[in-house]
Amino acid sequence: MNINVYTELTPNPATMKFIVNKLLINGSVDFPTKESAEKSPFAKELYKFSFVNGVFFASNFVTITKTEGSDWADVEPIMKEFVKGAIESELKIQLEEEAEVGNFEGSETEVKIQQILHDYVRPAVEQDGGAISYRSFNEGVVTVELRGSCSGCPSSTVTLKAGIENLLKRMVPEVTEVVSEAL
């Protein structure tokens with residue numbers, strides 16, 4: 001199979017999506033630091049580039065966060081070539097596959113919140129090169145974790161409050177607020 005790699009800007013200027021014509025992983029996995037990449041040969045190799053500051057994989061793309069002093073015009077062609085070569089040589093994303101669990105737990109309200117996040121929010125957030133995870137629901141407050149390009153994105157607060165919070169408030173009357181847990 002001939003691997004094609006193309007890039008897409010994300011709302012976060014520090015991140016870029018490198019999209020390929022092959023399924024890389026079911027679900028998503030985030031390696032926000034060099035240390036967290038120890039169990040990922042692919043992410044570990046990416047962190048060898050001095051300008052790589054974060055790595056996130058989902059379905060058919062890898063989102064790379066660059067360091068502040070680097071310019072996408074300089075690093076994008078290098079990353080495209082590296083991603084293509086890594087996929088062609090079947091460099092593993094994870095040494096051990098962790099199954100992404102699709103069943104939701106908790107009260108009826110918590111299950112409903114998780115289902116909405118999974119069905120409506122997750123696909124939109126993945127389009128922007130990120131991921132969202134449900135953390136908790138307590139006294140009307142939903143806590144989520146934003147990863148990939150959403151972590152530290154200037155527009156993530158707008159996405160969280162204007163998008164996710166409004167959606168959940170409309171669909172689950174018990175929800176009064178949505179907050180993001182910092183990594």
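Everything numeric in this text was worked out from a predicted model, so none of it was measured. (Residues numbered from 1 in each chain as written. Predicted model: local features only at pLDDT ≥ 70, side-chain atom pairs only at ≥ 80, totals over all residues. Heavy atoms only, no water.)

A.B. asks: Help me out: how do you make sense of the side chain of S40 in this one?
C.D. replies: With respect to the helices and strands, the residue S40 is situated in the loop between strand 3 (28–31) and helix 1 (41–46). Look past the residues within four positions of S40 in its chain and what remains in contact with it is F31, F57, K92 and I93. (Helix = DSSP H or I, 4+ residues; strand = E, 2+ residues; numbered from the N terminus. Contact = heavy atoms within 4.5 Å.)

A.B. asks: When you look at the pattern of salt bridges in this model, what are you seeing that I'm missing?
C.D. replies: Opposite charge on two side chains lets them pair, provided their charged atoms get close. The tally for this structure, following the rule as stated, stands at 6 salt bridges. Residue E38 pairs with K44 through a salt bridge whose shortest N-O separation is 3.4 Å. The salt bridge partner of K84 is E88, with a shortest N-O separation of 2.8 Å. Within this pair, K84 and its partner E88 are both found in helix 2 (residues 72–88), separated by 4 residues, close to a single helical turn. (Salt bridge = Lys/Arg side-chain N within 4 Å of Asp/Glu carboxyl O.)

A.B. asks: I'm lost on helix 2 in this one. Help?
C.D. replies: Note: α-helices contain 3.6 residues per turn, so residues at a spacing of three or four share the same orientation. The first and last C-alpha atoms of helix 2 sit 23 Å apart over 17 residues, in line with the 24 Å expected at 1.5 Å per residue. Considering only its buried residues, helix 2 is in contact with strand 1 (5–9), strand 2 (15–20), helix 1, strand 4 (52–58) and strand 5 (61–66). Two residues or fewer past helix 2, E90 is found with a positive phi of approximately 60°. (Expected span 1.5 Å × (residues − 1).)

A.B. asks: Which parts of the structure should I look at to understand the nonpolar core?
C.D. replies: Note that soluble globular proteins tend to have their nonpolar side chains buried in a common cluster. Grouped together as the largest cluster of nonpolar side chains are 28 residues, with contacts concentrated most on F18, F42, L46, V55, F57, I64 and V83. Elements that contribute at least two residues to this core include exactly strand 2, strand 3, helix 1, strand 4, strand 5 and helix 2. With 7 residues, the single largest contributor to this core is helix 2. Those residues in contact with F57 that sit more than four places away from it in its chain are I25, G27, S28, V29, F31, S40, F42, A43, L46, V62 and I93. Among the nonpolar cores identified, the runner-up in size contains 18 residues, and I113, V121, I132 and V172 belong to it. (Core = buried A, V, L, I, M, F, W, Y, C linked by side-chain atoms within 4.5 Å. Buried < 20%, exposed > 50% of the residue type's maximum accessible area, 1.4 Å probe, protein only.)

A.B. asks: What's the story with unusual backbone geometry in this structure? I'm lost.
C.D. replies: For residues besides glycine, phi is generally negative; the peptide bonds are generally trans as well. For S59, which is not glycine, the phi torsion reads 25° and is therefore positive. Within the secondary structure, S59 sits in the loop between strand 4 and strand 5. For E90, which is not a glycine, the phi torsion comes out positive at approximately 60°. Note on E90: relative accessible area 61%, which makes it exposed.

A.B. asks: Help me understand the confidence of the model for the protein in this model?
C.D. replies: Caution is warranted with low-pLDDT regions, since their predicted coordinates should not be read in detail. Of all residues in the protein, 90% attain a pLDDT of 70 or more, and the chain-wide mean is 86. For the protein, the element scoring lowest by mean pLDDT is helix 4 (residues 156–171), at 80; helix 1 scores highest, at 96. (pLDDT = per-residue confidence, 0-100.)

A.B. asks: Please explain helix 3 (residues 108–127) as it appears in this structure.
C.D. replies: With 20 residues, helix 3 should reach 28 Å at 1.5 Å per residue; the first-to-last C-alpha distance of 28 Å fits that figure. Looking at helix 3, one finds that the buried residues are T109, E110, I113, Q114, I116, L117, V121, V125 and E126. After helix 3 finishes, the residue G129 shows a positive phi value of roughly 85°.

A.B. asks: Honestly, the pairing of strand 4 in this entry has me stumped. Any pointers?
C.D. replies: Along a regular strand, successive side chains alternate from one face of the sheet to the other. Of all the 7 residues making up strand 4, 6 are buried; the element is thus mostly covered by neighbouring parts of the structure. Alignment of strand 3 against strand 4, held across 4 bridges, turns out to be antiparallel. Bridge assignment links D30 to a residue of strand 4, and that residue is F56. With 6 bridges connecting them, strand 4 and strand 5 associate as antiparallel partners. (Pairing = 2+ DSSP bridges.)

A.B. asks: Could you clarify how one ought to interpret the sheet that holds strand 2 in this entry?
C.D. replies: Strand pairing in a sheet relies on backbone hydrogen bonds, with the paired strands running either antiparallel or parallel. Within the open sheet, the 5 strands sit side by side as 1-2-5-4-3. Their pairing is antiparallel. The sheet terminates laterally at strand 1 and strand 3, the two strands that pair on one side only. Taking the axes of each pair of neighbouring strands and ignoring which way they run, one obtains an average angle of 20° across the sheet. Its contacts with the sheet place helix 2 against strand 1, strand 2, strand 4 and strand 5, and it is angled at close to 35° to strand 2. (Axes fitted to C-alpha atoms, helices over the stretch in contact; angles between N-to-C directions.)

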